[in-house]
Amino acid sequence: MKAVLPFGIDEIDDQLACGGLITQALHEIAPTTSTLTDDACAALFTAGIAARFASAPNANVLWALSRYDLYAPGLEQVGLGPAKLIHAEAREDADVLALVEDAARHGAFAAVVGEVRQASMTALRRLQLVAEDAGVPVLLLRRWKRAARCPLSEPSVATTRWRIGAVPSAPLGVPGIGRTRWSIELVRQRGGHPFSTNAEGCDATGRLASLADVRDRARSASGAIIQRAA
């Protein structure tokens with residue numbers, strides 16, 4: 001039986017064919033639009049998943065990319081701190097894909113992330129096969145190459161394909177910024193149907209929160225919101 005990582009919220013897990021993300025598989029994530037805001041949401045969604053795959057002590061994540069644009073404090077806020085993360089830079093997308101493939105095949109990482117703007121079907125097939133053989137999740141963050149064309153419009157063999165964007169956060173009773181909210185669209189999944197929902201962005205352990213859970217939160221005497229553990 002395949003290992004699965006649940007998200008921990010019914011709105012997503014109940015609609016995934018296996019009740020969560022299959023570990024030994026390729027998963028693609030892209031921003032809903034080419035804006036920097038959606039781009040950041042997609043990166044943090046990816047980082048949160050990687051952090052949960054690497055939750056065990058001494059487990060690490062390799063993040064390969066061709067241009068270093070990671071914001072370390074943001075990654076740490078979703079559970080992927082410097083002690084968990086190793087990054088590798090390459091010159092071209094093809095080199096990034098080769099790095100991802102080699103790292104997944106090596107088996108030393110709890111998850112492998114790659115950032116690319118373009119990936120051929122041959123490269124995607126290789127990543128899916130190496131993920132299956134090594135039992136290592138491969139998360140491919142697809143950056144927009146052109147503003148008018150979503151990266152997920154191209155064909156793929158990935159087990160799941162996600163589009164992530166920003167939506168307005170809940171208003172607070174006091175001046176300030178509430179926890180981020182994301183639109184989450186599963187464009188394609190093997191053995192299941194596409195769906196879309198909204199959720200609160202990842203917490204310090206990489207977990208999303210259902211918007212329905214907000215009504216069930218308890219307020220402390222100071223008025224702060226305390227979230228129950230998922």
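Residues numbered from 1 in each chain as written. Predicted model: local features only at pLDDT ≥ 70, side-chain atom pairs only at ≥ 80, totals over all residues. Heavy atoms only, no water.

## Side note on helix 2 (residues 36-53)
Given a rise of 1.5 Å per residue, 18 residues ought to cover 26 Å, and the 26 Å separating the end C-alpha atoms of helix 2 matches this to within 8%. Of all 18 residues in helix 2, 14 are buried, a share of seventy percent or more. (Helix = DSSP H or I, 4+ residues; strand = E, 2+ residues; numbered from the N terminus. Expected span 1.5 Å × (residues − 1). Buried < 20%, exposed > 50% of the residue type's maximum accessible area, 1.4 Å probe, protein only.)

## Examining the sheet that holds strand 3 (residues 26-31)
Spatial ordering of the open sheet is given by 5-4-6-7-3-8-9-10-11, a layout of nine strands whose pairing is mixed. For this open sheet the edge positions go to strand 5 (85-89) and strand 11 (209-210), each flanked by a neighbour on one side alone. Bridging between strand 6 (residues 111-116) and strand 7 (residues 138-142) involves five bridges; their strand directions are parallel. Of the residues in strand 7, the one forming a bridge with G114 is L140. Packing against the sheet, helix 2 makes contact with strand 3, strand 4 (61-65), strand 6, strand 7, strand 8 (160-167) and strand 9 (181-189), and its axis sits at approximately 125° to strand 8. (Pairing = 2+ DSSP bridges. Contact = heavy atoms within 4.5 Å. Axes fitted to C-alpha atoms, helices over the stretch in contact; angles between N-to-C directions.)

## Structural notes on the pattern of salt bridges
With the rule as written, the count across this model stands at 13 salt bridges. Here R142 makes a salt bridge to E28, at a shortest N to O gap of 2.6 Å. Residue R142 is located in strand 7, and its partner E28 is located in strand 3; the two are separated by 114 residues in the primary sequence. In this structure E28 comes out as buried when scored by relative accessible area, which is 0%. (Salt bridge = Lys/Arg side-chain N within 4 Å of Asp/Glu carboxyl O.)

## Some points on the packing of aromatic side chains
Enumeration according to the criterion identifies five aromatic pairs in this entry. Between the aromatic rings of F45 and W182, the centroid separation amounts to 6.4 Å while the plane-to-plane angle is 75°, which identifies the pairing as edge-to-face. Of this pair, F45 sits in helix 2 while W182 sits in strand 9, and the two are 137 residues apart along the sequence. Residue F45 is classed as buried on the basis of its relative accessible area of 1%. Since its relative accessible area comes to 2%, W182 is described here as buried. Just above the ring of F7 sits the side chain of R52; from NZ or CZ to the centre is 5.2 Å. (Phe/Tyr/Trp six-rings, centres within 6.5 Å; stacked < 30°, edge-to-face > 60°. Lys NZ or Arg CZ within 6 Å of the ring centre and 35° of its normal.)

## As for the environment of A59
Examined against the element boundaries, A59 turns out to sit in the loop between helix 2 and strand 4. Among the residues examined, A59 registers a relative accessible area of 14% and is labelled buried. Taking the C-alpha atoms as reference, A59 lies 23 Å from T160; in sequence the two are 101 residues apart. Ignoring any residue separated from it by four or fewer positions in sequence, one finds A59 in contact with A54, K84 and A110.

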